[in-house]
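# Per-entry structural report
Chain by chain, the residues run as shown.
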Amino acid sequence: MPMNFDSSKPPAALFDLDGVVIDTEKQYTLFWDMIGRQYLHHPDFGKLIKGGTLVHIFEEFFSELKDKQDEISAALDDFEEKMEMPYIDGFQDFFRGLKANGWKTAIVTSSSREKMKSVYKKIPEIQTMFDKILMAEMFSRSKPEPDPYLLGAEIFNLPVSNCLVFEDSVNGFKSAKNAGMKLVGLTTTNPETVAAAYSDMVINNFFEISPEKALEILKS
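Fair warning: this is a prediction, and the values are worked out from it, not measured in the lab.

Turning our eyes to something else, we now look at the packing of helix α4 (residues 66-82) against helix α6 (residues 113-122). Across the interface, α4 lies against α6 with an axial gap of 9 Å and an inter-helix angle of 15°. Accordingly, the angle class assigned to the pair α4 and α6 is roughly parallel. Two packed elements cross with a definite hand, and for α4 against α6 that hand is right-handed. Touching Asp77, Glu80, Glu81 and Lys82 of α4 are Glu114, Lys115, Ser118, Lys121 and Lys122, all from α6. When its residues are assigned to classes, the contact of α4 with α6 shows no nonpolar, one polar and eight charged.

Hydrogen bonding along the main chain pairs the strands of a sheet, whether they run parallel or antiparallel. Here six strands make up an open sheet; going across it, the order is β3-β2-β1-β4-β5-β6 and the pairing parallel. A strand with exactly one partner marks an edge of an open sheet, and here the two such strands are β3 (132-134) and β6 (201-203). The average angle at which neighbouring strand axes cross in this sheet is 20°, direction not considered. By the bridge criterion, four bridges tie strand β4 (residues 163-167) to strand β5 (residues 182-186) in an arrangement that is parallel. Paired with valine 165 across the bridge in β5 is leucine 183. In the packing of helix α8 (residues 147-155) onto the sheet, the strands contacted are β1 (12-15), β2 (104-108), β3 and β4, and the crossing angle to β3 comes to about 155°.

Moving on, we come to the packing of aromatic side chains. Counted by the stated rule, this structure contains 22 aromatic pairs. Plain terms: the ring middles of phenylalanine 45 and phenylalanine 62 are 6.0 Å apart, the flat faces sit at 85° to each other, and that makes the pair edge-to-face. With a gap of 17 residues between them, phenylalanine 45 in helix α2 (residues 45-48) and phenylalanine 62 in the loop between α3 (54-61) and α4 connect regions that are remote in the sequence. On the basis of relative accessible area, phenylalanine 45 is assigned to the buried category, the value being 0%. Ring plane angle 65° and centroid distance 5.6 Å describe the contact between phenylalanine 94 and phenylalanine 166, whose orientation is recorded as edge-to-face. Taken together, the residues phenylalanine 94 in helix α5 (residues 91-100) and phenylalanine 166 in strand β4 connect sequence positions 72 residues apart. In this pair, the class of phenylalanine 94 matches that of phenylalanine 166, namely buried. Members of the aromatic cluster, joined through ring pairs, are Tyr28, Phe31, Trp32, Tyr39, Phe45, Phe58, Phe61, Phe62 and Phe79.

Right, let's get into the pattern of salt bridges. Two side chains with opposite charge may pair up if their charged atoms get near one another. What the rule picks out here adds up to twelve salt bridges. The salt bridge partner of aspartate 131 is lysine 99, with a shortest N-O separation of 2.9 Å. With a gap of 32 residues between them, aspartate 131 in the loop between α7 (126-129) and β3 and lysine 99 in helix α5 connect regions that are remote in the sequence. Taking relative accessible area as the criterion, aspartate 131 reaches 34% and is therefore assigned partly exposed.

Rules used throughout
- Sequence order sets the numbering: in each chain, residues are counted from 1 along the sequence as written.
- Thresholds applied to this predicted model are a pLDDT of at least 70 for local features of residues and 80 or more for the giving and counting of side-chain atom pairs; totals over whole chains, interfaces and linings are not thresholded and use all residues.
- Hydrogens and water are ignored here; the side-chain numbers use all heavy atoms of the structure.
- The angle between two axes is taken between their N-to-C directions and runs from 0 to 180 degrees, where each axis is a line fitted to C-alpha atoms and a helix contributes only its stretch in contact.
- Strands are runs of DSSP state E lasting at least 2 residues, helices are runs of H or I lasting at least 4, and numbering of each runs from the N terminus.
- Convention used here: angles under 35 degrees read as roughly parallel, angles over 145 as roughly antiparallel, angles from 65 to 115 as roughly perpendicular, and any remaining angle as oblique.
- The handedness criterion is simple: a crossing whose near helix is rotated anticlockwise from the far helix by less than a right angle is left-handed, and one whose near helix is rotated clockwise is right-handed.
- Working rule for contacts: check all heavy atoms of both residues, and any pair within 4.5 Å makes them a contact.
- Under the scheme applied, nonpolar residues are Ala, Val, Leu, Ile, Met, Phe, Trp, Tyr, Cys and Pro; charged residues are Asp, Glu, Lys and Arg; polar residues are all the others, including Gly.
- At least two bridges found by DSSP between two strands is the condition for calling them paired.
- Between 30 and 60 degrees the pair is tilted, below 30 it is stacked and above 60 it is edge-to-face, where a pair is any two Phe, Tyr or Trp rings, Trp via its six-membered ring, whose centres lie within 6.5 Å.
- Relative accessible area decides the class of each residue, using a 1.4 Å probe on protein chains only: under 20% of the type maximum gives buried, over 50% gives exposed, and in between gives partly exposed.
- Any carboxyl oxygen of Asp or Glu that lies within 4 Å of a side-chain nitrogen of Lys or Arg is treated as forming a salt bridge with it.

Geometric values such as these leave the question of function open.
Take a look at the structure:
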């Protein structure tokens, strides 16, 4: 039976990064679709790997192409150096509202430490905005397994019932649900119909949700 929100402890917002905090998913889709066509003859590869770590992607899809992995990694590093990283609409105001209301906040991303260096160069304030930043190297299992979000609850010493996840990918949706957490799904990567199948609320951007509504979702 699901646990109820523990009002003696603070709420926590656990954010995926790409497609949730920063508007980069369409750029990544183009990159991974290109890689899929080039190496696997797969025309829609970008959608297939959403939410997975690079290690997981290599293990699952490129285990027979180990000689190509360094080549792909180098191409990805170069791509990330050049890509634009704007915030999702409304994110900054919503985030400030959470902090003003005592929420704990963490990024829970499948991105590697190396990728995050590119993020910090372009958006240096991200390093200090969040209470914690959890990256690919910290998880024994990647999304859709629950490990990333369970670690998010653990680092704050909170029950899963106090944690609200913000995600955009199907693997991310499944990870949150497998962790037993409430979920706000964004339509930045998947259509509303797909996000709605997993989510307690679906939004197009952060103008459509308030800290008060987020707390209502956790307590419902």
